[in-house]
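# Commentary on secondary and tertiary structure
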Amino acid sequence: MIARSPKTPGWLDWYVNPSTPDFRLPPGTVDAHCHVFGPQAEFPFAPERKYTPCDASKDQLFALRDHLGVTRNVIVQATCHGADNSAMLDAVRAAGGRARGVATVRPDIGESQLRELDAAGVRGVRFNFVKRLVDASPKEDLSTIAKKIAPLGWHVVLYFEAADLPELEGFFDTLPVPLVIDHMGRPDVTKPVDGPEFARFLDFAGRNDVWVKVSCPERLTVTGPPALDGQRHAYTDVVPFARRVVDEFPDRVLWGTDWPHPNLKDHMPDDGLLVDYVPQVAATAELRRKLLVDNPMRLYWPGETA
Ligand SMILES: O=C(O)c1cc(C(=O)O)oc(=O)c1
């Protein structure tokens, strides 16, 4: 019997019964950033984790996928599972080709283990620099991992805060694989969209083989509103930032729900509203097709048709 840990105080569970979005996702849409948590009784959380979440199982993720009209998922290893990828892999395998995974691995991982992950559907590893989520990994270890995954054609998913980009950028430039940036590099949306901090991010994102997820308006918003109670156009302060990224890099942007939304303390988004956010940031049908279908297919299912 596995001892169950209580949730982190103040933890908000994912939104039950999300609304049906007004915006209909195009067929073949990929939710390119979501997670599973446990269930804890089957897949215990890592001892080194910084939070203990609620359970968020693969079946609950697949139910959300079907409700929203999503076709495929990219399931990103959540930090609460450390480098034990079992829950993520179990979900990817169960999706029968309709999911890919992004793993967390240690630098001593062997080639055969990497090949096993690849066969299961993993296409990248995640490097996390957000201090409230992980203890810092030595850069040499991350470089070792990047070198090991390069022959598989994988990429590195980077999660960092905008304020840390100047210090990290030089290191990112040394990584020999495509880079995928979580949550738009977490801009401070109280700063101007044409100000120096976001300009620096756009400059970095403009390099070859850098992809950007225009995800997590619910996490980046300052003014909100939380957009419950029938509001359909939520998170308006984040829209100009995401729109700018979509307009500048239409062929290298990705969208995801971030379900089950770890560590949100003030409100839990209705995932239906996160779908209705899409047409606000991708203004034309062509931009939306690239963001939702063509780009993630090229990165995660190359050679397959949506
Ligand atoms: O901002 C966060 O708290 C967060 C955490 C995790 C994780 O714990 O893996 O993933 C995310 O995409 C976002």
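Residues numbered from 1 in each chain as written. Predicted model: local features only at pLDDT ≥ 70, side-chain atom pairs only at ≥ 80, totals over all residues. Heavy atoms only, no water.

The protein chain goes by Amidohydrolase family protein in an unreviewed UniProt entry, where it is assigned to Amycolatopsis nalaikhensis.

Averaged over every residue, the pLDDT of the protein chain is 95; residues scoring 70 or more account for 96%. Across the predicted assembly, pTM comes out at 0.97 and ipTM at 0.99. (pLDDT = per-residue confidence, 0-100.)

What surrounds the ligand is a group of 16 residues, the closest being Tyr-51, Thr-79, Arg-126, Arg-132 and Tyr-159. His-35 is positioned with one of its side-chain polar atoms (N or O) 3.2 Å from an oxygen atom of the ligand. At 2.7 Å from an oxygen atom of the ligand is found a side-chain nitrogen or oxygen belonging to Arg-132. Protein contact buries 100% of the 330 Å² of open area that the ligand shows by itself. Looking at the shell around the ligand, its residues break down into five nonpolar, six polar and five charged. (Near = heavy atom within 4 Å. Polar contact = N/O pair within 3.5 Å; in protein donor to acceptor, adjacent residues only side chain to side chain. Areas by Shrake-Rupley, 256 points an atom, 1.4 Å probe, with all protein chains shown as cover. Nonpolar A, V, L, I, M, F, W, Y, C, P; charged D, E, K, R; others polar.)

A separate point is the pattern of salt bridges. As enumerated under the stated definition, the model contains 24 salt bridges in all. In this structure, Glu-304 and Arg-100 form a salt bridge, with 3.7 Å as the shortest nitrogen-oxygen distance. Of this pair, Glu-304 sits in the segment after α11 (285–300) while Arg-100 sits in strand β3 (residues 99–103); the two residues are 204 residues apart in sequence, bridging distant segments of the chain. For Glu-304, a relative accessible area of 41% translates into the label partly exposed. Across the pair Glu-111 and Arg-115 runs a salt bridge, and its minimum N-O distance is 3.6 Å. (Salt bridge = Lys/Arg side-chain N within 4 Å of Asp/Glu carboxyl O. Helix = DSSP H or I, 4+ residues; strand = E, 2+ residues; numbered from the N terminus. Buried < 20%, exposed > 50% of the residue type's maximum accessible area, 1.4 Å probe, protein only.)

Going through the model one piece at a time under the given rule, you end up with eleven aromatic pairs. Ring geometry for Phe-37 against Tyr-51: centres 6.3 Å apart, planes inclined by 70°, an arrangement best described as edge-to-face. Residue Phe-37 is found in the loop between β1 (30–34) and α1 (58–68), and its partner Tyr-51 is found in the loop between β1 and α1; the two are separated by 14 residues along the sequence. Centre to centre, the rings of Phe-171 and Phe-172 are 6.2 Å apart; their planes meet at 50°, and the pair counts as tilted. (Phe/Tyr/Trp six-rings, centres within 6.5 Å; stacked < 30°, edge-to-face > 60°.)

Inside soluble globular proteins, nonpolar side chains tend to come together where they are buried. Core analysis: the largest hydrophobic core is formed by 103 residues, its most contacted members being Phe-172, Phe-201 and Val-245. With seven residues, α11 is the largest single contributor of residues to this core. Excluding residues that lie within four positions of it along the chain, Phe-172 makes contacts with Phe-129, Leu-158, Phe-160, Leu-165, Leu-179 and Phe-204. (Core = buried A, V, L, I, M, F, W, Y, C linked by side-chain atoms within 4.5 Å. Contact = heavy atoms within 4.5 Å.)

Read across the sheet, eight strands follow the order β1-β2-β3-β4-β5-β6-β7-β8 without closing on themselves; strand pairing throughout is parallel. For this open sheet the edge positions go to β1 and β8 (253–254), each flanked by a neighbour on one side alone. Strand direction decides the pairing type here: strand β4 (residues 122–128) and strand β5 (residues 155–159), joined by five bridges, are parallel. Residue pairing for β5: Arg-126 is matched across the bridge by Val-157. (Pairing = 2+ DSSP bridges.)

This next bit is on the layout of surface pockets. The calculated volume of the largest pocket comes to roughly 720 Å³. Taken together, the elements giving at least two residues each to the lining of the largest pocket come down to β4, α4 (139–149) and α5 (165–173). In terms of residue class, the lining of the largest pocket is built from 15 nonpolar, six polar and eleven charged. Looking at the second largest pocket, its volume works out to about 240 Å³. In terms of lining, the second largest pocket is formed by 14 residues, of which the most central are Ala-83, Asn-85, Ile-109, Gln-113 and Leu-117. For the lining of the second largest pocket, the secondary-structure elements that each account for two or more residues are α2 (86–94) and α3 (111–120). Its residues assigned to classes, the lining of the second largest pocket comprises five nonpolar, four polar and five charged. (1 Å grid on protein atoms, 1.4 Å probe; cavity = no way out; pocket = protein on both sides within 12 Å on 5 of 7 lines; lining within 4 Å. Points joined across faces, edges and corners; volume = space filled by probe spheres on them.)

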